[in-house]
Each structure stands twice: as C-alpha cells, then as structure tokens.
Amino acid sequence: MLPPGSVPSERAPGVPEPEELWEAEMERLRCSGAPVRGLPYAMMDKRLIWQLREPAGVQTLRWQRWQRRRQTVERRLREAAQRLARGLGLWEAALYEIGGLFGTGIRSYFTFLRFLLLLNLLSLLLTASFVLLPLAWLRPPDPGPALNLTLQCPGSRQSQPGVLRFHNQLWHVLTGRAFTNTYLFYGAYRVGPESSSVYSIRLAYLLSPLACLLLCFCGTLRRMVKGLPQKTLLGQGYQAPLSAKVFSSWDFCIRVQEAAIIKKHEISNEFKVELEEGRRFQLMQQQTRAQRACHLLSYLRVNILIGLLVVGAISAIFWATKYSQDNKEESLFLLLQYLPPGVIALVNFLGPLLFTFLVQLENYPPNTEVNLTLMWCVVLKLASLGMFSFSLGQTILCIGRDKTSCESYGYNACDYQCWENSVGEELYKLSIFNFLLTVAFAFLVTLPRRLLVDRLSGWFWAWLEREEFLVPKNVLDIVAGQTVTWMGLFYCPLLPLLNSVFLFLTFYIKKYTLLKNSRASSRPFRASSSTFFFQLVLLLGLLLAAVPLGYVVSSIHSSWDCGLFTNYSAPWQVVPELVALGLPPIGQRALHYLGSHAFSFPLLIMLSLVLTVCISQTQANARAIHRLRKQLVWVVDAAGLRSTCPGPHGTPASTRRFRFPSVAEL
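Residues numbered from 1 in each chain as written. Predicted model: local features only at pLDDT ≥ 70, side-chain atom pairs only at ≥ 80, totals over all residues. Heavy atoms only, no water.

Undergrad: Is there a simple way to explain the packing of aromatic side chains in this structure?
TA: What describes a pair of aromatic rings is the distance from one ring centre to the other and the angle between the planes of the rings. All chains considered together, the criterion is met by 29 aromatic pairs. Where Y109 meets F110, the ring centres are 5.0 Å apart and the plane angle is 75°; that geometry is what we call edge-to-face. Neither Y109 nor F110 differs from the other in exposure class; each is buried. Of the aromatic side chains, those joined through ring pairs into one cluster are Y183, Y186, Y189, Y205, W419, F490, Y491, F565 and Y568. A cation over a ring is seen here: R223 above F115, with NZ or CZ 4.8 Å from the ring centre. (Phe/Tyr/Trp six-rings, centres within 6.5 Å; stacked < 30°, edge-to-face > 60°. Buried < 20%, exposed > 50% of the residue type's maximum accessible area, 1.4 Å probe, protein only. Lys NZ or Arg CZ within 6 Å of the ring centre and 35° of its normal.)

Undergrad: Can you help me understand a nonpolar patch on the surface in this one?
TA: Together, L90, L497, V501, F504, L505 and Y508 make up a nonpolar patch on the protein surface, roughly 490 Å² of accessible area in all. Turning to its location among the elements, Y508 is positioned in helix α19 (residues 495–517). (Patch = residues over 30% accessible without salt bridge, like charges linked within 9 Å, V, L, I, M, F, W, Y side chains within 5 Å. Areas by Shrake-Rupley, 256 points an atom, 1.4 Å probe, with all protein chains shown as cover. Salt bridge = Lys/Arg side-chain N within 4 Å of Asp/Glu carboxyl O. Helix = DSSP H or I, 4+ residues; strand = E, 2+ residues; numbered from the N terminus.)

Undergrad: Looking at this structure, how should I read the packing of helix α5 (residues 104–138) against helix α18 (residues 471–487)?
TA: Helix-helix packing: each pair is described by the crossing angle between the helix axes and the interaxial distance. Running from amino to carboxyl end, α5 crosses α18 at an angle of 10°, the nearest separation of the two axes being 10 Å. Accordingly, the angle class assigned to the pair α5 and α18 is roughly parallel. Where α5 abuts α18, its residues G105, I106, Y109, F112, L113, L116, L119 and N120 lie against V471, N474, V475, I478, V479, Q482, T485 and W486. The class makeup of the residues in the contact of α5 with α18 is eleven nonpolar, five polar and no charged. (Axes fitted to C-alpha atoms, helices over the stretch in contact; angles between N-to-C directions. Parallel < 35°, antiparallel > 145°, perpendicular 65-115°, else oblique. Contact = heavy atoms within 4.5 Å. Nonpolar A, V, L, I, M, F, W, Y, C, P; charged D, E, K, R; others polar.)

Undergrad: What should I look at first to understand the side chain of S431 in this one?
TA: Along the polypeptide, S431 turns up in helix α16 (residues 419–455). In contact with S431, not counting residues within four places along its chain, are V484 and F502.

Undergrad: Can you help me understand the nonpolar core in this one?
TA: One broad trend across soluble globular proteins is that nonpolar side chains are buried collectively. Among the nonpolar cores identified, the biggest contains 109 residues, and F110, W419, V475, W486, F490 and F565 are the most heavily contacted of them. Looking at this core element by element, the count peaks at 14 residues for α5. Counting five residues, the second-largest nonpolar core is a separate cluster that includes M26, V36, L39 and I49. (Core = buried A, V, L, I, M, F, W, Y, C linked by side-chain atoms within 4.5 Å.)

Okay, here's the thing in structure tokens:
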C-alpha cells in the first residue's frame, strides 16, 4: 500500500487522481467487514486500517466488542483443535515418512486406506448404537419357537447345505460356521411383534445399513470434491513455477537429521515429477497428426484386448460359482467352499499385472498410466463382484431360474432355509480370503523375492529385482474388500468390525512391504491427479453394493425360520406397519403423499431446475475465471504509466507489455 503521490507518472485524460484512488481504497477498507488479519498488507498498513475502523475517542458498542472477542476465541480454539487433531492423528508420522521417501503418489494410497478405516469405524458405531445396544438394553420379548414348515422338495435331503464333513474348529472359523448363532450374522437377531416393543429393533436393523451407505457416500463425495475448486480456479494445465519450489521448498525449522533426509527426498521427488511432466508436455506439442492417429489406434488396440480379458475373467467367475453351488454333495465340497473366492482372487491377481504390462507398452504419462490401469482394474473387480452376486442370486433366490421351492416361498427354501446366513457366510469367506491373500503375498512371495534378489547375483536376479509397489493394484484390493463389506451390511452387520481389523493390519503389512521388500516406481506421479479417481472408484463400489441391497430389502421374501423379518413378505414391509401403528391419520396421509407421484414429479422438476441453475452458474464462473486470467496481462499504453527511460538512440522508449510467464516459458 503506497501513499498518494509516491509514484510520479504522467496522467492521461480521464484517469482519476491518485489522491482520489487512495481515498476510495481507504473508504472501501474502512467499510469492509473482512478481518484485518486476512488482508494482504503490511503490519503498519493493517494498524492504519484498524485505526480507520475504530477512531480514537469513539466507543464501540458492548455487543460488538463481545462479538469480536467471541470470534477471536473461536478462531483460537479452532486452531488449537486442528493442531491437536494433527498431533493425535492416526499414522501421521508414518504418512510423513512415506510421503518424503516415496512421494505423494504412494502416500495417497496409505491416506486412502486410513480414510476407509474411519468409514468402517463410523459404520460400526452406527450399527452398535442403533441395533446392538438397544437389543442388549431393552431385551425385547422372545418371538417364540420358529415355524415348523414342511417343505415339498424333490430330493430327500432336507438339512441346510454346507454341513462340514471334518469338524475342525479352525475351518469353522474360516467358513463362518462358528459364528452362525452370534450377532455376526442375520439369523441370530430375533424379537417379538412390533406392538409389544417400545423401540423397533426391526426398523433400526433395516435402516442402519441404509444410513451407513448414505454416510459413506457423503464422506466420499466430500473428500472427492475437496480439490475441485482449486482445479477449477487454476485450470487443468496449471503448474506452479519451478523457481518457487527451488527457493521456498526447504523447511528451515528442521533440526533433526532424519527429518532433513526425508525432506530432501520429498523435494527431489517433486522435481522429478515436474521435470517429467514438462518433458512429456513438450513431446505432445511436437507430435504430428500421423503420430497422434497412430497413438489413438494403439490406444484402441490395447483397450479392446483388455476388454476381452475382462469378459473371459467374468465368465470364469460365473461358472466357478455355479459349479460350487451345484456340487454340494461331492466329496471335495470342503475345497469347493473356497472355489469362488479363489477364482476371484486369481483373476484379480493376474488381471492388474496383465493390464499394467499392456498399458506400459504404450508409454503413457505416469498419471494417465495409473488412471487407465486403475479404470480397467475397477471394471474387473466390480464386474467380478457383480457376477458373484448374480450367481448367488441365481442359485439361492432363483433369479432367472424355475424351481418348485421358489414358487412357494420366494427363494430356494429346500437348499437354503436361512438364505441370509448363507449369503453372509459367502461374503464373510470372501473377506477372510482377501486378507489371507494379502498376508500370504507379503510374506510368502514378496519377502522371499527380496531375500533372493539381495543375496544372489547374476543376470536373472538383476533382471528380476524387487517387486514394484503398484498403486492401482493395492487400491483396488482395499476397494474390493470395502465393497464386500458394504454388500454384507444387511446379512452380516458386524462385518465392518472385521474389515476395520483387516485394514489396520493391512496398513502395517503394506508399510513393511514398501519400506523393506519393494521398490517405488521409477516414474513418480502426482497424488492430486489420482486421489479424485480413488474416490470415484469407491463410489462405484458403493453403488454396486447399494443396488442389490435395495432390491433384496424391497422385493425378496425373507427366510421363514430365522431373523427379524420372518413374518414379512419383504423387509421393507415393516415400515408401513410401523407407520400404521405409530402415526396419526394426518401423518400417514402426509407420508403417503410424499411417496406418491403427485409429489415425486414436481420434486423431480424442481431438482432439474436447481441442477440447471447450478450448471449455468458453474459455466458463468468458468467464463469469469477465463476473463480474469486474461486480465492478468498488463498493458502499458497512453492511458497508463509510461517509461521515462530513453531508448537506445535517445528516443523515448516504446510502450511495453508486461505479462505473467506461461507454463511452457517456465
């Protein structure tokens, strides 16, 4: 902030006096409600602004002074809470070490894993608060003995499938049979009729999975859109000046040797990313049309080949699940229990490796390579889980099949008397198998490979080297596990507890694998370009889990002899019953109107209008940002400041144009 008259210059006609500009700026600052602390001025100028707002001798109102004190206290408390949260944050030191040694790209995987752990803990807290604690505290009346149904089945076998031939307690734990009568599975939850209870356990059990999915959706969406405003303001091709990182990256508060080494690695990784992106940008600018056409053809070729591999993998999962369910009488049923999880694990292990190999042949940029590989891994993972769910529905719920038991009871009651427990056990086994596979690969594959590579010499071991830490594969592993957990919220309510333990252990296993047994990628990538895609993958997994759950809750008949909804045609039927029992006629009519077409169509039209307004506002903001970016070019003409320095031959210097340098010039 300069005082008036401190910058002598020639004034063109129509340009206001410097004193007028000074007075207008002072008046704007005096009337502005922005805090003085946030203004971009020197401390002396801030004191002047403070004196302008509060002249000497003028008494401010008591409530104004109280409001300012309250704002100051709130700001200090908020800053103290943020410092405390950073100090007590989970794995903060480990994340700092990983980010410094291997870059922000690999650190984003561990940050994402911590985020999933928090989501599972919140889901577990919600289920425990609204289902388990009321069930233990209120002790609802016993519903009585289960219904004794006589099933007209074509065969003589009436027992529940999956009876183990070998009574091994460890095998009982691995298959979930040891916890069938516990609150881990749906069949152990039983209460009396709704009219005899004060708190509806059925409604809480029904709404808890939906609330968990909604909570996870809001948390993921908030985390996904956090970086969008900055990307919109800065633009897609924005890069910070390399000179700013050279002169301002070092933290002069570092006094420890280990922290200094980590900081040097972090700065080095940042420079590598910047230089690699600049080099690839120049190569893209130098490409001809023929080269771009060849690049597009190779891109299509790779994606078509990967698509064919995905179709073959999905077919293998479908037939494996069908064979496992149709051959329960075989002597090898003990091994067939884990045939579908084994095929899914094999497909998900080989698929990312093949995808990474094929994508690396095209020499894409690191960010594009990670996102493209992650996209196809997402298709493979989610399609495999979707096919697994469909094959279970075809066998248990007779989706697309004609069976006598399904016509009478709505599900395959001859083979699955408590079909919710059967589905929960399948998802439980899939979750257990995924974690055991993670442990096995960490200590039976990666660790021996590192020992052999470090201790043996030769061209083969030099070629083999340590395993590369693949971010797409590791991200998809934990996303697949989280999707299985969401799919099992209704059938296995305590599955988030199990997944939380697995994620906690997975963090330390992956950290040990990264620091001791693996090598980082030789082509580092930026975390901001992939974090958004990680959240998008998680949202797709959430959608895959929500669609079958909504179909089962609204349309599939519950089991007749286990669980909370034995007397209901579908679990959702408990909602109209509770509405009829607990609400007056006016409330019932209001809810009926909210669920009718007379309310849905106007609401849909209103949401469409709101969405149109938001899109229009976003486009207007983008145009305004584009115009403001153009105004950053400073033009010195007759109406502005002129240079008083003479030219090379004594003539006045010509008008100069000043502008910010572009990314290519930096």
